[in-house]
Amino acid sequence: MPVEEFVAGWISGALGLVLGHPFDTVKVRLQTQTTYRGIVDCMVKIYRHESLLGFFKGMSFPIASIAVVNSVLFGVYSNTLLVLTATSHQERRAQPPSYTHIFLAGCTGGFLQAYCLAPFDLIKVRLQNQTEPMAQPGSPPPQYRGPVHCAASIFREEGYRGLFRGAWALMLRDTPTMGIYFITYEGLCRQYTPEGQNPSSATVLVAGGFAGIASWVAATPLDVIKSRMQMDGLRRRVYQGVLDCMVSSVRQEGLGVFFRGVTINSARAFPVNAVTFLSYEYLLRWWG
Ligand SMILES: C[N+](C)(C)CCCC[C@H](N)C(=O)O
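These figures come from a predicted structure and were not determined experimentally.

**A few points about the state of the cysteines**
Piece 1. Enumeration according to the criterion identifies 0 disulfides in this entry.
Piece 2. With no disulfide of its own, C42 has C150 as its nearest cysteine by sulfur position, at a separation of 19 Å.
Piece 3. This cysteine, C245, is not joined by any disulfide, and C150 carries the nearest cysteine sulfur, 19 Å off.
Piece 4. The exposure class assigned to C245 is buried, which follows from its relative accessible area of 0%.

**Describing the site of the ligand**
Piece 1. Lining the immediate surroundings of the ligand are R173, D174, T177, M178, Y181, S215, W216, A219, R268, V272 and N273.
Piece 2. W216 has a polar side-chain atom sitting 2.9 Å from an oxygen atom of the ligand.
Piece 3. Within the contact set of the ligand, an oxygen atom lies 2.9 Å away from a side-chain nitrogen or oxygen of R268.
Piece 4. When isolated, the ligand has an accessible area of 380 Å², and the protein chains bury 89% of it.
Piece 5. Of all the secondary-structure elements, those providing two or more residues to the shell around the ligand are helix 6 (167-191), helix 7 (201-231) and helix 9 (262-287).
Piece 6. Ranked by the residues each element gives to the shell around the ligand, the list is headed by helix 6, at 5 residues.
Piece 7. Among the residues making up the shell around the ligand, the classes are represented as 5 nonpolar, 3 polar and 3 charged.

**Considerations on the side chain of S266**
Piece 1. Within the fold, S266 resides in helix 9.
Piece 2. Sequence-distant contacts of S266, that is, excluding residues within four places in its chain, are made with I213 and V217.

**Observations regarding the pattern of salt bridges**
Piece 1. Enumeration over the complete set of coordinates arrives at 19 salt bridges.
Piece 2. The residue E186 makes a salt bridge to R190 at a minimum N-O spacing of 3.4 Å. Linking E186 with R190, this pair stays in helix 6, spanning 4 residues, or about one helical turn.
Piece 3. When salt bridges that share partners are traced, they join D24, K27, D121, K124, R173, D174, D223, K226 and R268 into one network.

**As for the packing of aromatic side chains**
Piece 1. Throughout the structure, instances matching the rule amount to 12 aromatic pairs.
Piece 2. A centroid spacing of 3.7 Å and a plane angle of 10 degrees characterise the contact between Y77 and F182, whose relative ring orientation is stacked. A residue pair is termed long-range when its members are at least 10 positions apart, and Y77 in helix 3 (residues 60-85) and F182 in helix 6 qualify at 105 residues.
Piece 3. For F182, a relative accessible area of 2% corresponds to the buried category.

Definitions and limits used
Residues numbered from 1 in each chain as written. Predicted model: local features only at pLDDT ≥ 70, side-chain atom pairs only at ≥ 80, totals over all residues. Heavy atoms only, no water. Disulfide = S-S within 2.5 Å. Buried < 20%, exposed > 50% of the residue type's maximum accessible area, 1.4 Å probe, protein only. Near = heavy atom within 4 Å. Polar contact = N/O pair within 3.5 Å; in protein donor to acceptor, adjacent residues only side chain to side chain. Areas by Shrake-Rupley, 256 points an atom, 1.4 Å probe, with all protein chains shown as cover. Helix = DSSP H or I, 4+ residues; strand = E, 2+ residues; numbered from the N terminus. Nonpolar A, V, L, I, M, F, W, Y, C, P; charged D, E, K, R; others polar. Contact = heavy atoms within 4.5 Å. Salt bridge = Lys/Arg side-chain N within 4 Å of Asp/Glu carboxyl O. Phe/Tyr/Trp six-rings, centres within 6.5 Å; stacked < 30°, edge-to-face > 60°.

Limitation: the analysis is restricted to geometry and does not speak to function.
If you want it as structure tokens, here you go:
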């Protein structure tokens, strides 16, 4: 099994992640808290109360886990294509796979990475939602002191299954939208690349950026539900399950709730995924 795809997926994911984390924190707050009036208000408040560090809350676990998560995504994607079309990464420029195969491979990668991502994403969201300033002498400490303490507390208070809170919503979010992610990327690359050649850096950046936006726009409704399910259980359980969370969110806030954070998410998605695909393609060419 070709391992380069796994390693390339890991490095490229980490680069994208650091770049996008401040936007991600704003998104998570907008989705789960009602205290902010919009993107700018949220940014100003985070900066005033928590300083620049506030934007980087919850980043260490995603960095540590991206090795597993992104290499599973890209590795499973590429190896599923190998099974479906019997072509390796290098051969695929000359013999491009069909969009159906790309979609199926993307969905498979998305489904499996969601399972690895679930506990790490949960911890990220819980830490991002802590609004206390970091390490202020005299002020009460936040509920979670860091990622390990957070994981241990969830395990103690909510059990092993607690670590997978929101995992269903995450799988439903990622399975089809990872299909969309790879289809958009491949489609745009093919559109702007002469047959049989490798796409140029500019093409890869733009195709990666739009793949990020398209998949995130499609993923936002379930992203909101996922974030809410993950915050549920922190104190009293409010939602019975994914469907219940959807119904009560719509009842209370209208259909617009499904698009909470879509603007900031798209602004984040473009640079993050442009960098992810560019480094992925280059690492593979470099090793190939
Ligand atoms: C499928 N879904 C839209 C959820 C994610 C697609 C992009 C994943 C990327 N690591 C990022 O963080 O942007």
